[in-house]
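# Close look at the chain arrangement
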Amino acid sequence: MKEKRINPKTISAWKDFLCVVPVLIFLAVFTYYPIVELVRISFTDWNLLKDTWQYVGFRNWVWLFNGSGTRYLWNSLRVTILYSIGELTVTMLGGMIFALIFNRMTKAFSVMRAIVFMPKYVAMSSAAVVFLWILNTDNGILNYLLSVVGIDPVDWLGNRSTALLSVLMLTGWRCVGYGMMVYLSAMMGISSDYYEAASLDGANSIQKFFKITLPMLSPTTLFLFVTTFISSMKVFQSVDILTQGGPYRSTEVFVYNIYRYAMVDFRMDRASTVAIFFFILLLIVTAATMKLSNGKVTYDS
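Structure report, in brief.

Reading guide: rules and limits
Residues numbered from 1 in each chain as written. Predicted model: local features only at pLDDT ≥ 70, side-chain atom pairs only at ≥ 80, totals over all residues. Heavy atoms only, no water. Core = buried A, V, L, I, M, F, W, Y, C linked by side-chain atoms within 4.5 Å. Buried < 20%, exposed > 50% of the residue type's maximum accessible area, 1.4 Å probe, protein only. Helix = DSSP H or I, 4+ residues; strand = E, 2+ residues; numbered from the N terminus. Contact = heavy atoms within 4.5 Å. Polar contact = N/O pair within 3.5 Å; in protein donor to acceptor, adjacent residues only side chain to side chain. Phe/Tyr/Trp six-rings, centres within 6.5 Å; stacked < 30°, edge-to-face > 60°. Axes fitted to C-alpha atoms, helices over the stretch in contact; angles between N-to-C directions. Parallel < 35°, antiparallel > 145°, perpendicular 65-115°, else oblique. Left-handed = near helix turned anticlockwise from the far one by under 90°.

### Remarks on the nonpolar core
Soluble, globular proteins show a tendency: their nonpolar side chains are buried together. In this structure, Leu64, Met180, Tyr183, Leu217, Phe254 and Val274 are the most contacted members of the largest nonpolar core, which totals 39 residues. Only α2 (59-66), α3 (69-101), α4 (107-117), α7 (160-187), α9 (205-216), α10 (218-233), α12 (254-264) and α13 (268-292) provide two or more residues apiece to this core. Considering each element in turn, this core owes the most residues, 8 residues, to α13. If we skip the residues at most four places from it in the chain, Phe254 touches Leu73, Ser76, Leu77, Thr80, Val274, Phe277, Phe278 and Leu281.

### Comments concerning unusual backbone geometry
Along the chain, Gly246 connects to Pro247 via a cis peptide bond; the corresponding omega equals -5°. Position of Pro247 relative to the elements: it lies in the loop between α11 (237-242) and α12. Even without being a glycine, Gln244 presents a positive backbone phi close to 55°. Summarising the element assignment, Gln244 is placed in the loop between α11 and α12.

### Quick look at the side chain of Ser250
In this fold, Ser250 is placed in the loop between α11 and α12. Separated by 2.8 Å, the side chain of Ser250 and the backbone oxygen of Pro247 make a polar contact. Among all residues touching Ser250, those that are not within four sequence positions of it are Val79, Arg160, Ala163 and Gly245.

### Some details on the packing of aromatic side chains
Within this structure, the stated rule accounts for 17 aromatic pairs. Consider the rings of Phe43 and Phe58, whose centres lie 5.2 Å apart with planes at 90°: the pair is edge-to-face. Of the two residues, Phe43 sits in the loop between α1 (8-41) and α2 while Phe58 sits in the loop between α1 and α2, which places them 15 residues apart along the sequence. Of the residues examined, Phe43 reaches a relative accessible area of 24% and is grouped as partly exposed.

### Details of the packing of helix α5 (residues 124-134) against α7
At their nearest, the axes of α5 and α7 sit 10 Å apart, and the two run at 130° to each other. What the angle tells us is that α5 and α7 run oblique. Considering how the two elements wind past one another, α5 and α7 form a crossing that is right-handed. Every residue of α7 that contacts α5 at Met124, Ala127, Ala128 and Phe131 is listed here: Met169, Leu170, Trp173 and Arg174.

What follows is the structure in structure tokens.
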């Protein structure tokens, strides 16, 4: 009777699988299990101030879409969208402008690029504390500079019309350098042959930008758009330190809304419900963005 031998390819496949088992266990414990628990909690009345809880079906979802939670849901969604538009504009448009300005391989331009990019290395919490001083109504340096040119002091963080703009000042200071470096690295990968051919055809700098540079940067633009959009939707630290969602919830972004329900109102059930809705919303918007941009991105470079 012949002894059955195991195929070496099968052994190799099992070895490869065993190498990823620890990662799968880690994801199961710290990612997928919490998501399942989040869904379960959304169907309970879990209040941290009470000792007991019970399943209540879709009551929290009714509260979110047809109850007192609806008003705050749409307010946080509106604020988050406004913030995301602001961060996307600063990161992508500002990053593109700085990349075009500093696209020179000299020591002087290298130093300037480093200065613009350096704020990205500053922790958000530390930067927010510094901006608390800069934007202070009575003793802030920004109001002092405004007073020098004859402009009255502005209550940057206490006024509904300027609070979100103040948060975006901090965001822009930290993120514009990141957008610049991403675009710069992509620009350096574009072949000079395209520009030489365009010059022979009589194209000027503006035509070269719109006909060569911008189309060639479309994969980078898509990457920057998706990553910046996701990070902007999850903003929390800057809002928590600068405004705590105020004044009058004018800066209460989605994540801070979830935090308020969980850690201020102690309603874990409502926080879980809003978190699930937020997760689904991010998933749909990201998938739609990738789908719509599929035929508009060129990877020729």
